[in-house]
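A structural walkthrough
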Amino acid sequence: MGENESSNSSNHIEKTCKHISIEIPEDLETTFRPEECIYKAPAALCDSNRACYTPRVISIGPFHHGSEKLRPMEIQKQRYLKEFCKRLRGKTKEQVQESLNVLSSTIEVEKDKIKHCYADDTFVEFSKDDKFVKMILFDAVFIFELFLKNEEDRRDNKRYQDDFIIGKPWLRAAIQRDLILLENQLPFFILEKLYSLAIEETKPDYRSFLDLSCRYFEKYGKNETKPDETKPYKVLHFTDLVRHFLSFKHPHLESPDGNQIKNLYSATMLHRAGIKFKALSDHFTDLVRHFLSFKHPQLESPDGKQIKNLYSATMLHQAGIKFKALPDACLLDIRAWKGNENPVKKGELHMPPLEIDNSTECLFRNLMALEQCHYPREEFICRYVKLLDFLVDVKKDVDLLIENKVIVSRLGDSKAVAELINKLCLEIVEVTSGYDALSQLLNDYYDSSWNKNKAYLVSVYFQNVWIGTGTVIGLIILAITVTRFILLFFR
């Protein structure tokens, strides 16, 4: 009887299965497309602060196209298209239209490649290809005209004082902020191609598009470096370009034993342990030469063990570590006293200055989102921010780093800076580590009783010149007294 029931059950399942229709799209991809480089910020990151990933005044690309609050800038795109046409070859209306047709045809040819650069395939709004081509054309031309005017304004700041964007500093800054957002990008290859067709072939005296881009975003760089043809680096979009500015000199991402650092002493603790922080340069104009000449630091873990704890800046400062600011280096070029080609005194930590203002959170969140989506094995910015998160726990840590010019705060409140740094790493997944060896070095220094005692004596008895002078005089008097006592004892 059991066999009959089993047989009936099998027959029923077979009959049921015959009526199940499973449809799988033939074009459904099972791996990432190699061109994919523009993403929507992961939902987990957006939960912390969605506004940091959302444009305020202008949409670039398909993700935010058509947003009601961004519609006013669509008029400005038309204005800039009209002004850009004046730069094109020829004076007549027919010649200008011919040049625009060349650009539109190029976009039409490259439209599939452009769409493949976006991780989100929902292009429902652009069911008609001409609408997609028109969007790319308007956005690209707007960027060209903006960058060219920005360059011309550097030479003559009165030329565009009545311009709708250049003449309004607040709008100019807001657009620059929107152009670094991960969700607000056009692929760099199509921008370069269109610019070459429109400008470089007809205006040989104009700068290349890469030069214009680097000069427009130079505020985010701190030294003279840019991607160069002799270096195997391909710019994906503006967010990727800014990431390159900040991370071209990065530490090795793999720790000697393959383990991750779970904690780091804060800047104050490092300073008390004798570590000194030095500030790095503020500006970066010529972007090509330093990229080839810099080498990233190579710090090997002293014993290859996994770091279990990383002390905050205040604790490290108590152990005698001194934080020092160092000019003319990449933001990630953090130097300690071991395994570095540049001489650093033992007990000092040299770091570039980080300027923190109202745009810092937006900048770092978008760079970190890009790394989480596109660079899972090369998250240079994520590791740097994680190191800062370990160093900064409370307001005192920020005060110490500000005092040593490692942090330049434009927020006016050290507590706000500490909260900003501590929130940046929320929902960030750590894949690799680049500062384990450095952390091990700092922890070992802090764990030394000799370093703590020495730092304590210096902080108590040599806190300033007056206390130090009093201490020296007291020691001299003590030495004289002891000497006289010994002499009297042996008489």
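Note that this is a predicted model, so its numbers are computed, not measured.

1. Focus on the overall build of the chain
- What the chain contains, in helices and strands, is 19 helices and five strands.
- By residue count, 50% of the 491 residues in the chain fall in the buried class.
- Working note: accessible area of the chain is about 25,400 Å², and carbon and sulfur atoms make up 53% of it.

2. Brief notes about the side chain of Arg243
- For Arg243, the location among the structural elements is in helix 9 (residues 238-247).
- For Arg243, the side chain forms a polar contact with the side chain of Glu371, separated by 2.8 Å.
- Non-local contacts of Arg243, meaning those with residues more than four positions away in its chain, are made with Leu367, Leu370, Glu371, Tyr375, Glu378, Phe380 and Ile381.

3. Considerations on a nonpolar patch on the surface
- On the surface, Leu475, Leu478, Val482, Phe485, Ile486, Phe489 and Phe490 cluster together into a nonpolar patch covering about 780 Å² of accessible area.
- By secondary structure assignment, the location of Phe489 is in helix 19 (residues 465-489).

4. Quick notes on the side chain of His350
- Along the chain, His350 falls in strand 3 (residues 348-351).
- Separated by 2.9 Å, the side chains of His350 and Glu348 make a polar contact.

5. Here we look at the nonpolar core
- Within the largest apolar cluster, 125 residues are counted, with the highest numbers of intra-cluster contacts made by Leu146, Phe147, Ile175, Phe217 and Tyr384.
- The element best represented in this core is helix 5 (residues 129-155), accounting for 14 residues.

6. Quick look at the environment of Gln76
- Relative to the elements of secondary structure, Gln76 occurs in helix 3 (residues 72-85).
- Classification of Gln76 by relative accessible area gives buried; the value is 3%.
- Separated by 89 residues in the primary sequence, Gln76 and Ile165 place their C-alpha atoms 8.6 Å from one another.
- Filtering out sequence-adjacent residues up to four positions away, Gln76 remains in contact with Phe142, Phe164 and Ile165.

7. Section: the confidence of the model for the chain
- Chain-level pLDDT for the chain is 79 on average; 72% of the residues reach the 70-or-more range.
- The weakest mean pLDDT in the chain belongs to helix 11 (residues 289-293) at 28; the strongest belongs to helix 6 (residues 169-178) at 95.
- Every residue in residues 253-258 scores below 50 in pLDDT, and together they form 16 contacts with partners more than four places removed in sequence or on other chains.
- Here residues 277-302 scores under 50 on pLDDT; set against residues more than four positions off or in separate chains, the count is 122 contacts.

8. A word on the pairing of strand 3
- Side chains Glu348 and His350 of strand 3 all project onto a buried face; the interleaved residues Leu349 and Met351 project onto the opposite face, where all are buried too.
- Where strand 2 (residues 322-325) lies against strand 3, four bridges are found, and the strand directions are parallel. Within strand 3, the position partnered with Lys322 by the bridge is Glu348.

9. Quick look at helix 17 (residues 436-447)
- For helix 17, built from 12 residues, the straight-helix expectation of 16 Å at 1.5 Å per residue is met to within 8% by its first-to-last C-alpha distance of 16 Å.
- For helix 17, the set of buried residues is Asp436, Ala437, Leu438, Ser439, Gln440, Leu441, Leu442, Asn443, Tyr445 and Tyr446.

10. Here's the deal with the packing of aromatic side chains
- As enumerated under the stated definition, the model contains 19 aromatic pairs in all.
- Taking the ring centre of Phe164 as reference, the NZ or CZ of Arg79 above it sits at 3.8 Å.
- Stacked on the ring of Tyr375, the Lys or Arg Arg243 has its end atom at 3.8 Å from the ring centre.

11. Some details on the pattern of salt bridges
- For the coordinates displayed, the defined rule picks out 24 salt bridges.
- Across the pair Glu145 and Arg87 runs a salt bridge, and its minimum N-O distance is 2.8 Å. On the criterion of sequence distance, the pair formed by Glu145 in helix 5 and Arg87 in the loop between helix 3 and helix 4 (93-116) is long-range, its members being 58 residues apart. The same class applies to Glu145 as to Arg87, namely buried.
- Counted as one network, the salt bridges with shared partners bring together Glu151, Arg154, Arg155, Arg207, Arg215 and Glu218.

12. Observations concerning helix 16 (residues 414-424)
- Among all positions of helix 16, only Ser414, Val417, Ala418, Leu420, Ile421 and Leu424 are buried. The arc that holds every buried residue of helix 16, seen down its axis, measures 160°, which confines them to one face.
- Measuring from the side-chain oxygen of the N-cap residue of helix 16 to the backbone nitrogen of Lys415 gives 3.1 Å; that N-cap residue is Asp413.

Scoring rules and cut-offs
Residues numbered from 1 in each chain as written. Predicted model: local features only at pLDDT ≥ 70, side-chain atom pairs only at ≥ 80, totals over all residues. Heavy atoms only, no water. Helix = DSSP H or I, 4+ residues; strand = E, 2+ residues; numbered from the N terminus. Buried < 20%, exposed > 50% of the residue type's maximum accessible area, 1.4 Å probe, protein only. Areas by Shrake-Rupley, 256 points an atom, 1.4 Å probe, with all protein chains shown as cover. Polar contact = N/O pair within 3.5 Å; in protein donor to acceptor, adjacent residues only side chain to side chain. Contact = heavy atoms within 4.5 Å. Patch = residues over 30% accessible without salt bridge, like charges linked within 9 Å, V, L, I, M, F, W, Y side chains within 5 Å. Salt bridge = Lys/Arg side-chain N within 4 Å of Asp/Glu carboxyl O. Core = buried A, V, L, I, M, F, W, Y, C linked by side-chain atoms within 4.5 Å. pLDDT = per-residue confidence, 0-100. Pairing = 2+ DSSP bridges. Expected span 1.5 Å × (residues − 1). Phe/Tyr/Trp six-rings, centres within 6.5 Å; stacked < 30°, edge-to-face > 60°. Lys NZ or Arg CZ within 6 Å of the ring centre and 35° of its normal. Arc of directions from axis to C-beta.

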